[in-house]
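# Topology and contacts: notes
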Amino acid sequence: MKISGSLKENINILRDIFKYDDSLIFREFSVTSIDTRECTAVYIDGMADSYVINSDIIKPLLQLNRNDTTSYEYFLSLIINRITSSKVKTTKEFDTITDSILNGYTVILADGYESAVLIDTLKIKRRNISEPESEKIIRGPREGFNESLLNDLALLRTRLRSDKAKFHFREIGRITKTKVCLCYI
């Protein structure tokens, strides 16, 4: 499926692809050009580096001048040249966008444009899943998660690169209000 020129339509398609998945983040912002362009950054919480997204992607785009953008091609090249990442590419296909999001990329969609900018922002602690020290078992698998919730979910995402994997967040407990995540395919 191809990207349309409507930002809302593109976001609705991505929300439909990742339905029931609470780990997908949509960060909306406006880029000032000849006319103000509504943009959205889409990424998976815990897989993408939020510091890089804020400082190396969104901040430079928010600092564009009114005279910086005159045409679609120039606007696209300006976005690509302002972003300080080693892997930046464009696409017009939703399959490529979905695969990129699942691989830790941040996707920039702009209203009125039929291309998306894909930026590599992957940042995961790459430690193996190991046996928990405090929970010894006699039979069964000897694997357990030892990191924070978002890091553990990112480890799951690296093994399950599918938009069919769903992650629902909830708070349990009246006093502790512990954040838990139900993961399923």
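Please refer to the structure placed before this passage.
Residues numbered from 1 in each chain as written. Predicted model: local features only at pLDDT ≥ 70, side-chain atom pairs only at ≥ 80, totals over all residues. Heavy atoms only, no water.

### A few points about the nonpolar core
Counting residues in hydrophobic clusters, the biggest one holds 23 residues, and the most contacted among them are Leu-14, Leu-24, Val-42, Ile-97, Ile-101, Val-107 and Leu-109. Excluding its chain neighbours within four sequence positions, the residues that come into contact with Leu-14 are Leu-24, Phe-26, Val-42, Phe-94, Ile-97, Ile-101 and Leu-109. (Core = buried A, V, L, I, M, F, W, Y, C linked by side-chain atoms within 4.5 Å. Buried < 20%, exposed > 50% of the residue type's maximum accessible area, 1.4 Å probe, protein only. Contact = heavy atoms within 4.5 Å.)

### Structural notes on the sheet that holds strand S2 (residues 37–44)
Whenever strands of a sheet pair, they do so through backbone hydrogen bonds, lying parallel or antiparallel. Pairing is antiparallel in the open sheet, where five strands are placed in the order S1-S2-S4-S5-S3. Two strands lie at the open edges of the sheet, namely strand S1 (24–31) and strand S3 (88–91), each paired on one side alone. For this sheet, the mean angle separating the axes of adjacent strands, direction not counted, is 25°. Two strands pair when backbone bridges link them, and S2 and strand S4 (residues 105–110) are joined in this way by four bridges, in the antiparallel orientation. Considered in S4, the bridge of Ala-41 is made with Ile-108. Helix H1 (residues 7–17) contacts S1, S2 and S4 of the sheet and is inclined by roughly 15° relative to S2. (Pairing = 2+ DSSP bridges. Helix = DSSP H or I, 4+ residues; strand = E, 2+ residues; numbered from the N terminus. Axes fitted to C-alpha atoms, helices over the stretch in contact; angles between N-to-C directions.)

### Considerations on the packing of aromatic side chains
Counting across every chain of the model gives zero aromatic pairs. The positively charged end of Arg-15 is found above the aromatic ring belonging to Phe-26, 4.1 Å away from the centroid. Lying over the aromatic face of Phe-169, Lys-179 brings its terminal NZ or CZ to 4.8 Å of the ring centre. (Phe/Tyr/Trp six-rings, centres within 6.5 Å; stacked < 30°, edge-to-face > 60°. Lys NZ or Arg CZ within 6 Å of the ring centre and 35° of its normal.)

### Side note on a nonpolar patch on the surface
Together, Tyr-20, Leu-182 and Tyr-184 give the surface a local cluster of nonpolar side chains, amounting to about 330 Å² of exposed area. With respect to the secondary-structure elements, Tyr-20 resides in the loop between H1 and S1. Tyr-20 gets classed as exposed once you look at its relative accessible area, which sits at 52%. (Patch = residues over 30% accessible without salt bridge, like charges linked within 9 Å, V, L, I, M, F, W, Y side chains within 5 Å. Areas by Shrake-Rupley, 256 points an atom, 1.4 Å probe, with all protein chains shown as cover. Salt bridge = Lys/Arg side-chain N within 4 Å of Asp/Glu carboxyl O.)

Shape descriptors only; they carry no functional weight alone.
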